Amino acid sequence: MPDTGAASWIVAVCSQKGGAGKSTLVMSLAAAVADSAGRALVVDVDPQASTADEVDKMANPGFDVVHELDPARLSQLSRVREYDLILVDTPGSLEGRDVLKQVVDNSHFALLPYVDEPFSYDPTQRTAQVVQEAGVPHAAVVNRIDSRAGADGLTEARERLDEWGVPYFASFIRQYVGYPKSLAANKTVYQWRGKYSAHMREDISRVQAELQRALGRIASGG
Ligand SMILES: Nc1ncnc2c1ncn2[C@@H]1O[C@H](COP(=O)(O)OP(=O)(O)O)[C@@H](O)[C@H]1O
Ligand SMILES: [Mg+2]
């Protein structure tokens, strides 16, 4: 883990499961920081640079984005101290495993978006193992909770994470078509106005607040 003094916080958003919601969470959290007048940087380490491309299409996202293929350069970015939060979008494929390790080694915290479905079980546990081995503080964020299905979905997701010994945030993200829709409209979730957009911002703001508290605990050595 890099220094926690005099540096921008670096948070790796990772899951070796494609479609877990990494890119969505990275862009949404950066927009949340911007919404509260903070400075956020999104670092896209995926060779395909799809997140960087999407952000480039937004007229005024309120945060910066770079495409950086060398994870070792993250600590240099951090030392610039220009940002309140640096969010790293990591590749989701097995080929990206070495990149994932390097990014995690250069991060203060790792967030693991988790969709509770059988195809996620193995990749999530593998990702958690990489993060645990690196000794980086981390938490899963349960994603795509169907609010019409009651509390069962959330309870089951948490039970599974407990079973695996993976810590998770109390805050979680509900499933809304507004995520792909806002992206298609080239807007952040804080700019987009549509059905349930206030609910989306509520969820993301809670995750951001919980993340800030977790980083605060790291800063105070606990
Ligand atoms: N909470 C959510 N509700 C609805 N759709 C979501 C949610 N999170 C992610 N998605 C959608 O799921 C798809 C995959 O998400 P993405 O962020 O690209 O995952 P990853 O980067 O992990 O591959 C995208 O179409 C995205 O809009
Ligand atoms: Mg992605």
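Residues numbered from 1 in each chain as written. Chains lettered and ligands numbered in written order. Predicted model: local features only at pLDDT ≥ 70, side-chain atom pairs only at ≥ 80, totals over all residues. Heavy atoms only, no water.

### Things to note about the overall build of the protein chain
Of the regular secondary structure elements, the protein chain holds eight helices and six strands. Going from N to C terminus, the protein chain has its helices and strands arranged as β-α-β-α-β-α-β-α-β-α-β-α-α-α. A globule of 222 residues ought to have a C-alpha radius of gyration of about 17 Å, and the protein chain, at 16 Å, matches this closely. Each principal axis of the C-alpha distribution contributes one length, and for the protein chain these read about 45 × 40 × 35 Å. Taken across its 222 residues, the protein chain has 50% of its residues classed as buried. Summed over its atoms, the accessible surface of the protein chain is roughly 10300 Å², and 47% of this surface lies on carbon and sulfur atoms. Computing the positive centroid from 23 side-chain charges and the negative centroid from 29, the protein chain places the two 6 Å apart. (Helix = DSSP H or I, 4+ residues; strand = E, 2+ residues; numbered from the N terminus. Rg over C-alpha atoms; globule rule 2.2 N^0.38 Å. Buried < 20%, exposed > 50% of the residue type's maximum accessible area, 1.4 Å probe, protein only. Areas by Shrake-Rupley, 256 points an atom, 1.4 Å probe, with all protein chains shown as cover. Lys, Arg positive; Asp, Glu negative; His and termini not counted. Charge placed at Lys NZ, Arg CZ, Asp CG, Glu CD.)

### Re the layout of surface pockets
Empty space left among the atoms is revealed by rolling a probe the size of a water molecule over them. Empty space within the largest pocket amounts to approximately 540 Å³. In this structure, the largest pocket is lined by 25 residues; those nearest its centre are Q175, Y176, V177, G178 and Y179. Put simply, the parts of the chain that give the lining of the largest pocket at least two residues each are helix 1 (22-35) and helix 7 (178-184). Ranked by residue count, the leading element in the lining of the largest pocket is helix 7, at four residues. Residue composition of the lining of the largest pocket, grouped by class: eleven nonpolar, eight polar and six charged. Here the second largest pocket defines a volume of roughly 210 Å³. Those elements that provide at least two residues to the lining of the second largest pocket are helix 1 and helix 2 (50-57). At four residues, helix 1 tops the list of elements feeding residues into the lining of the second largest pocket. The residue inventory of the lining of the second largest pocket, partitioned by class, reads four nonpolar, nine polar and five charged. (1 Å grid on protein atoms, 1.4 Å probe; cavity = no way out; pocket = protein on both sides within 12 Å on 5 of 7 lines; lining within 4 Å. Points joined across faces, edges and corners; volume = space filled by probe spheres on them. Nonpolar A, V, L, I, M, F, W, Y, C, P; charged D, E, K, R; others polar.)

### Focus on the site of ligand 1
As a matter of local geometry, ligand 1 sits amid 15 residues, with G19, K22, T24, N143 and R144 nearest to it. At 3.5 Å, a backbone N or O of P180 approaches an oxygen atom of ligand 1. Contact with the protein chains covers 78% of the free accessible surface of ligand 1, which is 560 Å². Structurally, ligand 1 is housed in the largest pocket. (Near = heavy atom within 4 Å. Polar contact = N/O pair within 3.5 Å; in protein donor to acceptor, adjacent residues only side chain to side chain. Sits in = over half its atoms within 2 Å of the grid points.)

### Observations regarding the pairing of strand 5 (residues 109-114)
Most of strand 5 sits inside the fold, with six of its six residues counted as buried. With burial as the criterion, each face of strand 5 is covered, one bearing F109, L111 and P113 and the other bearing A110, L112 and Y114. One ladder, built from three bridges, connects strand 1 (residues 9-13) with strand 5; its direction is parallel. Following the sheet pairing, V13 is matched in strand 5 by L111. (Pairing = 2+ DSSP bridges.)

### Digging into the packing of aromatic side chains
For the coordinates displayed, the defined rule picks out four aromatic pairs. Judged by centre distance (5.7 Å) and plane angle (80°), the ring pair of Y114 and W164 falls under edge-to-face. Remark: W164 occurs in helix 6 (residues 152-164) and Y114 occurs in strand 5; sequence separation between them is 50 residues. The exposure class of Y114 is buried, given its relative accessible area of 0%. Residue W164 is classed as buried on the basis of its relative accessible area, which comes to 18%. With centroids separated by 5.3 Å and ring planes inclined at 25°, the aromatic side chains of Y176 and Y196 adopt a geometry described as stacked. Of the two residues, Y176 sits in the loop between helix 6 and helix 7 while Y196 sits in the loop between helix 7 and helix 8 (197-219), which places them 20 residues apart along the sequence. Residue classification places Y176 among the buried positions, given a relative accessible area of 9%. An aromatic cluster of at least three residues, connected via ring pairs, comprises Y114, Y121 and W164. (Phe/Tyr/Trp six-rings, centres within 6.5 Å; stacked < 30°, edge-to-face > 60°.)

### A look at the pattern of salt bridges
If you walk through the whole model with that rule in mind, you get eleven salt bridges. The shortest N-O distance in the salt bridge between R160 and D116 comes to 2.8 Å. You can see R160 sitting in helix 6 and its partner D116 sitting in the loop between strand 5 and helix 5 (118-134), a full 44 residues away along the chain. Since its relative accessible area comes to 21%, R160 is described here as partly exposed. Here the salt bridges share partners, and the residues they tie into one network are R174, E202, D203 and R206. (Salt bridge = Lys/Arg side-chain N within 4 Å of Asp/Glu carboxyl O.)

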